[in-house]
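# Chain and residue survey
For reference, the chains in residue letters:
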Amino acid sequence: MNRRNALKKSALLAGSAIAVPSLFSLLQSCKQQNRLDWAPVFLSEDQAKFISAFVDTLLPRTETPGALDVKTDIFLDLVFAKTYDTKAQENVVNEIKKFNEECKQRHGKVFADLNMEERMAVFKNKEAESPKFNPKVWGTAVGEQKPVGFYRSLKSMTLWGYFSSEEIGVKHLNYDPVPGEYRGCVPLSEIGNAWSL
């Protein structure tokens, strides 16, 4: 999976491009942050609760760490704070508000206050109604990519942040810091885990 291209194509919710090295430096800074004393840089407390609930619903802890364990929510807050322009930041705030208002209409509560079953129902509806990323050939999208909307963009960013974290990339995916020979045809049984980005 090429999360870098997906992240770029999502236009970070507002059409602004972001340099991958900047994202890696943000990921590194999240690693140092203690969850108990984390104060959002950009998000309000309620918005941070939304982002934390969103990433935890998408990637909960199982036999592997969840998105909260690798601080994906802290990473997203830093991305919004340090890479978005004012217009893009306003868009994030408005989209979170809109998302929560839809949850209140359907379930009577904001997203962070819903139980897991209700959150999954919200995700199911969003999956059905949100535009999708174009199919790719060799990592390049086929055709002109139309805006995919807030839900799909946030989902893509969450997945990119999660799979790009050191914890997941090194400890839970196959990782070879010095790749050797190219073997194009390898039986799946020999591979085991997916390869780190």
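It should be noted that the structure appears before, not after, this text.
Residues numbered from 1 in each chain as written. Predicted model: local features only at pLDDT ≥ 70, side-chain atom pairs only at ≥ 80, totals over all residues. Heavy atoms only, no water.

Let's shift gears to unusual backbone geometry. Notably, Lys71 is not glycine yet its phi reads approximately 60°, a positive angle. With a relative accessible area of 16%, Lys71 lands in the buried category. (Buried < 20%, exposed > 50% of the residue type's maximum accessible area, 1.4 Å probe, protein only.)

Okay, the packing of helix 4 (residues 72-83) against helix 7 (residues 149-164) next. Interhelical geometry of helix 4 versus helix 7 gives an angle of 115° and a closest axis separation of 9 Å. Viewed along their axes, helix 4 and helix 7 form a crossing whose handedness is right-handed. Of the residues in helix 7, those in contact with Thr72, Phe75, Leu76, Val79 and Phe80 of helix 4 are Leu154, Met157, Thr158, Trp160, Gly161 and Tyr162. Residue composition of the contact of helix 4 with helix 7, by class: 8 nonpolar, 3 polar and no charged. (Axes fitted to C-alpha atoms, helices over the stretch in contact; angles between N-to-C directions. Helix = DSSP H or I, 4+ residues; strand = E, 2+ residues; numbered from the N terminus. Left-handed = near helix turned anticlockwise from the far one by under 90°. Contact = heavy atoms within 4.5 Å. Nonpolar A, V, L, I, M, F, W, Y, C, P; charged D, E, K, R; others polar.)

Its location among the elements puts Asp69 in the loop between helix 3 (45-58) and helix 4. On the basis of relative accessibility, which here comes to 33%, the residue Asp69 falls in the partly exposed class. Asp69 sits 98 residues away from Glu167 along the chain, and the two C-alpha atoms are 9.2 Å apart. At 2.7 Å, the side chain of Asp69 forms a polar contact with the backbone nitrogen of Gly66. (Polar contact = N/O pair within 3.5 Å; in protein donor to acceptor, adjacent residues only side chain to side chain.)

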